[in-house]
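A closer look at the structure
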Amino acid sequence: MSLDHPAALSPPISDNWETLADGLLIQRLALHRADMQAALPLAPGECLLPDEAAPASLLARPVPAPAAGLALVEAAGLAYWTALPQQDGGDGVSALAPAVREVAAQLTAGCADQITDAVSAVCGAAAWWTGAFAAIRYDGGHHRTLADVTTPVSLAALERTAHLVALGAATRVLRWVLQQTGDADERVRTAFCRTIAETVVAESDVEPLVEELGELRLADLLVNTAPWRGRHTAYRSGLGSGQVE
């Protein structure tokens, strides 16, 4: 194909949607940083959160990754994903950490340390992003109707969300590494194949989970990060996030 052809100069449409979704996440953090910080001292069960998890435990700063792992994350275009939780997270251990730790361990078995560290970093950050938007859930609207959300979310729903969001972030890192190495590293290829297999398994859970979460920011985080066929439909439908912020 000639480089003069427009298609040769344009990234895949999925990359454009991904960039748009990344920008929305950063925008929302900037708009609601004060609200997230105000939620830190609240008790479990407040802010429409589960009784088993205080807001502070959902907003805990992830364990910092080694520099080599963070360099790979940055090269994959996800520097913001890990940097902002370090900047705005609180002390303690996330209540969602076990759900995302499982993803990192399963996907990167046998991979080089740098790749393992990078995937662990984005998975740890996924717990924080899920908890951060959960902490301001009381202030959002329903993802389809924009009506006030009044029903608390369960810890199990947040764990499933963090798991899927971590899978999506890990997929982006492994996809980038695979694009750089091709078939040179069989361990990377195997890890990426694991993400595809996990995606197939998780696909049926995304839409029911969106309805269970209800609130538009959490719903957007899930549908725009989890690797499934319905990604970015919120914008195409003109509902939810397409009308606000």
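Residues numbered from 1 in each chain as written. Predicted model: local features only at pLDDT ≥ 70, side-chain atom pairs only at ≥ 80, totals over all residues. Heavy atoms only, no water.

What follows deals with the confidence of the model for the protein chain. Regions with low pLDDT should not have their predicted coordinates read in detail. Scored by pLDDT, the protein chain comes out at a mean of 85, with 87% of its residues at no less than 70. Within the model, pLDDT remains below 50 along residues 1–10, and this stretch shows 5 contacts once partners closer than five positions in the same chain are excluded. (pLDDT = per-residue confidence, 0-100. Contact = heavy atoms within 4.5 Å.)

On to empty space enclosed by the protein. To find leftover empty space, one rolls a probe the size of a water molecule over the atoms. On inspection of all chains with the given rule, the structure shows 2 cavities of 30 Å³ or more. Its boundaries defined by the atoms lining it, the largest cavity holds a volume of some 80 Å³. Lining the largest cavity are 12 residues; nearest its centre among them are Asp22, Tyr80, Trp81, Arg172 and Thr225. Going through the elements one at a time, helix H2 (13–39), helix H5 (79–88), helix H8 (155–181) and helix H10 (216–225) are the ones with two or more residues in the lining of the largest cavity. Across the lining of the largest cavity, the residue classes tally to 6 nonpolar, 2 polar and 4 charged. Lining the second largest cavity are Ala21, Leu24, Leu25, Asp220, Leu221, Asn224 and Thr225. At the level of elements, H2 and H10 are the ones that each hand at least two residues to the lining of the second largest cavity. Among the elements that line the lining of the second largest cavity, the one with the most residues is H10, at 4 residues. Along the lines of polarity and charge, the residues of the lining of the second largest cavity split into 4 nonpolar, 2 polar and 1 charged. (1 Å grid on protein atoms, 1.4 Å probe; cavity = no way out; pocket = protein on both sides within 12 Å on 5 of 7 lines; lining within 4 Å. Points joined across faces, edges and corners; volume = space filled by probe spheres on them. Helix = DSSP H or I, 4+ residues; strand = E, 2+ residues; numbered from the N terminus. Nonpolar A, V, L, I, M, F, W, Y, C, P; charged D, E, K, R; others polar.)

This brings us to the nonpolar core. Counting residues in hydrophobic clusters, the biggest one holds 67 residues, and the most contacted among them are Trp81, Trp129 and Leu222. The set of elements that each furnish at least two residues to this core consists of H2, helix H4 (67–75), H5, helix H6 (97–107), helix H7 (113–135), H8, helix H9 (186–213) and H10. Counting residues per element, this core draws most heavily on H7, at 15 residues. (Core = buried A, V, L, I, M, F, W, Y, C linked by side-chain atoms within 4.5 Å. Buried < 20%, exposed > 50% of the residue type's maximum accessible area, 1.4 Å probe, protein only.)

By the definition in use, this model includes 10 salt bridges. One salt bridge in this structure joins aspartate 220 and arginine 28, with 2.9 Å as the shortest N-O distance. Of this pair, aspartate 220 sits in helix H10 while arginine 28 sits in helix H2, and the two are 192 residues apart along the sequence. Given the relative accessible area of 1%, arginine 28 is considered buried. The closest approach of N and O atoms between arginine 217 and glutamate 215, which form a salt bridge, is 3.3 Å. (Salt bridge = Lys/Arg side-chain N within 4 Å of Asp/Glu carboxyl O.)

Attention now goes to the layout of surface pockets. Counted as a void, the second largest pocket has a volume near 380 Å³. As for the second largest pocket, its lining consists of 21 residues, of which Pro62, Val63, Arg101, Ser120 and Gly124 are closest to the centre. Sorting the residues of the lining of the second largest pocket by element identifies H6 and H7 as the ones contributing at least two each. Ranked by the residues each element gives to the lining of the second largest pocket, the list is headed by H7, at 7 residues. Along the lines of polarity and charge, the residues of the lining of the second largest pocket split into 14 nonpolar, 4 polar and 3 charged.

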